[in-house]
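Observations on the three-dimensional arrangement
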Amino acid sequence: MTRIEYKIEWMVFHEDEETHRSELLAQLNELGREGWRLVAIDPLHRAGGGWIPPRPAPMLLMREVTA
């Protein structure tokens, strides 16, 4: 039997767009090695000026777990 497990991780934003991109990809790759897949990033959490929100944004992750 397979079931789905969900969790929320926080994506930290950086002023420098290149640093932000590389650290986000590193974080997602590490989670992917553990079987997690990105489902969504909360767009409503991205309030504030410019593309950088005032605080980390939640990422919804899922993975299949065999019982």
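Below is a short write-up of the structure.

**Description of the pattern of salt bridges**
Within this structure, the stated rule accounts for four salt bridges. The shortest N-O distance in the salt bridge between Glu9 and Lys7 comes to 3.1 Å. By relative accessible area, which is 25% here, Glu9 ends up partly exposed. Salt-bridge contacts for Glu18 lead to Arg21; the nearest nitrogen and oxygen are separated by 2.9 Å. Taken together, the residues Glu18 and Arg21, both in helix H1 (residues 17–33) and three residues apart, mark about one turn of the helix.

**Describing the pairing of strand E3 (residues 57–66)**
Sheet topology places strand E1 (residues 2–11) next to E3; ten bridges connect them, and they run antiparallel. Along E3, the bridge assignment pairs Ile4 with Glu64.

**Brief notes about the nonpolar core**
Among the nonpolar cores identified, the biggest contains eight residues, and these are Met11, Phe13, Leu24, Leu31, Trp36, Ala57, Met59 and Leu61. Secondary structure elements with two or more residues in this core: H1 and E3. Residue contributions to this core peak at three residues, all from E3. When near neighbours in sequence (up to four residues on either side) are disregarded, Met59 contacts Lys7, Ile8, Glu9, Met11, Leu24, Gln27, Leu28, Leu31, Leu38, Ala40 and Ile41.

What counts and what doesn't
- Residues numbered from 1 in each chain as written.
- Predicted model: local features only at pLDDT ≥ 70, side-chain atom pairs only at ≥ 80, totals over all residues.
- Heavy atoms only, no water.
- Salt bridge = Lys/Arg side-chain N within 4 Å of Asp/Glu carboxyl O.
- Buried < 20%, exposed > 50% of the residue type's maximum accessible area, 1.4 Å probe, protein only.
- Helix = DSSP H or I, 4+ residues; strand = E, 2+ residues; numbered from the N terminus.
- Pairing = 2+ DSSP bridges.
- Core = buried A, V, L, I, M, F, W, Y, C linked by side-chain atoms within 4.5 Å.
- Contact = heavy atoms within 4.5 Å.

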